[in-house]
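# Structural overview for review
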Amino acid sequence: MNVAIFGLGYIGLPTAALVASSGTNVVGIDNNTNIINNISKGDIINFEANLKESVLKVLDNGNLKVTDQPTSAEIYVVTVPTPIDNKNCPDLSYVKEVTKTIAPMLIKGNMIILESTLPVGGTEKMIEWLLEERVDLNIPFNSSEHSIETDINIAYCPERVLPGNILKELINNDRIIGGLTEECSQKAYEFYKGFVNGDCLKTNIKTAELCKLVENSYRDVNIAFANELSLICEEENIDVWELIELANKHPRVEILKPGPGVGGHCIAIDPWFIVDNNQEISQIIKTARIVNDSIPASVIKKVQVEITKQKKPINKIVIATLGLTYKANVDDTRESPALEISKQIDNMDILKQLVVEPNIKELPKELNSTKTSISSLVAAINQSDILVLLVDHKEFYDIDRTKLSDKIIVDTKGILRN
Ligand SMILES: NC(=O)c1ccc[n+]([C@@H]2O[C@H](COP(=O)([O-])OP(=O)(O)OC[C@H]3O[C@@H](n4cnc5c(N)ncnc54)[C@H](O)[C@@H]3O)[C@@H](O)[C@H]2O)c1
């Protein structure tokens, strides 16, 4: 069996390494030549636990090859990005492009597995694009006709891994398998059973599509509730952390923790896929997105209030910003509320911003200004007037509290309270 995996990013590269380590011949394809050159040199910048070792091993034994050129296979796995556009609508252009690339290589009996997160109806769209290229193929267009035969096996199998722990979760998480036909589901099931220990649960395409979106929307709604509580507590002058701790003593209450907003490539994006398809009826999901997207502005407001309380003029103030990534202990700044807040601090008329981000070596290009620089934790604490904690990285839990006595602290994660 030959497998071609299109898109070697956060999801595609670990998947390629894992499938190859189960003894399958895998070709990893990415149209970004830099990514291919780096992987070929063993320069794996994504720092998932054990990823580098796993990739090097399968490159070494020849089970994984990487290229920027389309390569034919029996099974095509698609792990390209599916972002939103500036109107919060799904942008499926990467899926379309990869579909057009795969189409001419397909022969009857091949399988396409879509792992990229899609809106409900996204897989059908992909089939539409496929059939535009290949009128000779018989692929049932409407996935509700679940038992019809197809020339190409198609399945939507969303990824639900936790960044930072991807390799482990790829093996151990349960998977949802939405096949175009029952045979498609069965073939995809057999593929995943080659390297997944979790249950592989078969369903139809639309249910699988919505299931992925619902999982992330569930998280988003619950985080929005906690974030809204933090806004209410701010108004009422109540300690939100104590409030949540007390409320969670109720046997049927489990409130999540607030933060600086919601980021990353999934929770901040996927709920919009539901809203886009269901404008009138997805009120809670939409409101949760709006609440979570509003939190960075409220953090900035707090920082501004603290600046006005300082005895120094604003142009002498130094702010230490702790954390830029979208969550703790990862190197990913995509959709990061911390990055957004840091950008806005950079726009203030302060003297300088010292950014402490243990998981990245260079500032993202969005922060390319003379005012903002990367700093060590010690230097940032020593030099700053105001400390803004945005991410609960493990390094920040150990901050020597005695060094903070003269600092103004805006702690969005509540870890410097004690
Ligand atoms: N990152 C996560 O934690 C996560 C979790 C679950 C699901 N997902 C979903 O998985 C998909 C991929 O996400 P990611 O985080 O791995 O994205 P990513 O941006 O890290 O990687 C995608 C890769 O695809 C490549 N690419 C784009 N177009 C291509 C093409 N036509 N041919 C070949 N390669 C191409 C890009 O160069 C990039 O390297 C998205 O739909 C995302 O929503 C991501």
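Everything numeric in this text was worked out from a predicted model, so none of it was measured.

Looking now at the overall build of the protein chain. On a plain count of helices and strands, the protein chain comes out with 14 helices and 13 strands. Reported as C-alpha extents along the three principal axes, the dimensions of the protein chain are approximately 75 × 50 × 40 Å. Within the span of the protein chain, comprising 418 residues, buried residues form 51% of the whole. For the protein chain, the proportion of contacts with a sequence separation of at least 24, taken over those separated by at least 6, is 70%. Carbon and sulfur atoms form 50% of the exposed surface of the protein chain, whose accessible area is close to 19,700 Å².

Another point: the layout of surface pockets. Over the atoms, a rolled probe matching the size of one water molecule traces out where space is still vacant. The calculated volume of the second largest pocket comes to roughly 920 Å³. Of all elements in the fold, only α8 (205-236), α9 (240-247), α11 (283-309) and β13 (408-411) reach the threshold of two or more residues within the lining of the second largest pocket. Among the residues forming the lining of the second largest pocket, the class breakdown is 13 nonpolar, six polar and ten charged.

In this section: the site of the ligand. Close to the ligand lie 25 residues; Ile11, Asp30, Thr82, Thr117 and Arg334 are nearest. Interatomic distance of 2.6 Å between a side-chain N/O atom of Thr82 and an oxygen atom of the ligand. When the free accessible area of the ligand is taken as 830 Å², the share hidden by the protein chains comes to 91%. Residue contributions to the shell around the ligand peak at three residues, all from helix α4 (residues 93-102). Considered class by class, the residues forming the shell around the ligand number eleven nonpolar, nine polar and five charged.

Here we take up the sheet that holds strand β1 (residues 2-6). Across the sheet, eight strands lie side by side as β3-β2-β1-β4-β5-β6-β7-β8; this open sheet has mixed pairing. Edge strands, defined here as strands with exactly one partner in the open sheet, are β3 (64-67) and β8 (200-204). When strand polarity is set aside, the average angle formed by the axes of neighbouring strands in this sheet is 25°. Inspection of the sheet shows β1 paired to strand β4 (residues 75-78) by four bridges, in the parallel sense. Of the residues in β4, the one forming a bridge with Val3 is Ile75.

Taken as a whole, this structure holds 19 salt bridges when the rule is applied. One salt bridge in this structure joins Glu128 and Lys125, with 3.6 Å as the shortest N-O distance. With a gap of three residues between them, Glu128 and Lys125 both fall in helix α5 (residues 122-133), about one helical turn apart. Between Glu183 and Lys187 there is a salt bridge, with the nearest N and O atoms lying 3.1 Å from each other. Of this pair, Glu183 and Lys187 are both found in helix α7 (residues 182-193), four residues apart, which corresponds to roughly one turn of the helix. Judged by its relative accessible area of 46%, Glu183 falls in the partly exposed class. Judged by relative accessible area, Lys187 falls into the partly exposed class, the value being 33%. Members of the salt-bridge network, linked through shared partners, are Lys100, Glu132 and Glu133.

Turning our eyes to something else, we now look at the nonpolar core. Counting residues in hydrophobic clusters, the biggest one holds 35 residues, and the most contacted among them are Ile113, Phe191 and Tyr192. At six residues, helix α1 (residues 12-21) tops the list of elements feeding residues into this core. Among residues more than four places away in sequence, those in contact with Ile113 are Ile75, Tyr76, Val77, Val78, Ala155, Cys157, Ala188, Phe191 and Tyr192. Core analysis: the next-biggest nonpolar cluster, separate from the first, contains 33 residues, Tyr76, Leu92, Leu180 and Cys184 among them.

So, about the domain arrangement of the protein chain. Per the domain assignment, the segments of the protein chain are domain 1 (2-212) and domain 2 (310-418). Here the C-alpha centre of domain 2 lies 37 Å away from the C-alpha centre of domain 1. The interface is formed by seven residues belonging to domain 1 together with eight residues belonging to domain 2. Summed over both sides, the interface between domain 1 and domain 2 buries roughly 570 Å², with carbon and sulfur atoms accounting for 53% of that surface. Applying the counting criterion to the domain 1 and domain 2 interface returns zero salt bridges.

A few words now on empty space enclosed by the protein. Tallying each qualifying case throughout the model produces one cavity of 30 Å³ or more. Size it by volume and the largest cavity reaches roughly 30 Å³. Together, Glu159, Arg160, Val161, Glu169, Leu170, Asn173, Asp174 and Arg175 line the largest cavity. When the residues that make up the lining of the largest cavity are grouped by side-chain class, the tally is two nonpolar, one polar and five charged.

At a closest axis distance of 9 Å, the pairing of α11 and helix α12 (residues 337-346) adopts a crossing angle of 40°. Relative to α12, the element α11 lies oblique. Viewed along their axes, α11 and α12 form a crossing whose handedness is right-handed. Contacts between α11 and α12 involve Pro296, Val299 and Ile300 from the former and Pro337, Glu340, Ile341, Gln344 and Ile345 from the latter. Across the contact of α11 with α12, the residue classes tally to six nonpolar, one polar and one charged.

Conventions adopted
- Residues numbered from 1 in each chain as written.
- Predicted model: local features only at pLDDT ≥ 70, side-chain atom pairs only at ≥ 80, totals over all residues.
- Heavy atoms only, no water.
- Helix = DSSP H or I, 4+ residues; strand = E, 2+ residues; numbered from the N terminus.
- Buried < 20%, exposed > 50% of the residue type's maximum accessible area, 1.4 Å probe, protein only.
- Contact = heavy atoms within 4.5 Å.
- Areas by Shrake-Rupley, 256 points an atom, 1.4 Å probe, with all protein chains shown as cover.
- 1 Å grid on protein atoms, 1.4 Å probe; cavity = no way out; pocket = protein on both sides within 12 Å on 5 of 7 lines; lining within 4 Å.
- Points joined across faces, edges and corners; volume = space filled by probe spheres on them.
- Nonpolar A, V, L, I, M, F, W, Y, C, P; charged D, E, K, R; others polar.
- Near = heavy atom within 4 Å.
- Polar contact = N/O pair within 3.5 Å; in protein donor to acceptor, adjacent residues only side chain to side chain.
- Pairing = 2+ DSSP bridges.
- Axes fitted to C-alpha atoms, helices over the stretch in contact; angles between N-to-C directions.
- Salt bridge = Lys/Arg side-chain N within 4 Å of Asp/Glu carboxyl O.
- Core = buried A, V, L, I, M, F, W, Y, C linked by side-chain atoms within 4.5 Å.
- Domains from an automatic or database assignment.
- Buried area = accessible area lost by both parts, 1.4 Å probe.
- Parallel < 35°, antiparallel > 145°, perpendicular 65-115°, else oblique.
- Left-handed = near helix turned anticlockwise from the far one by under 90°.

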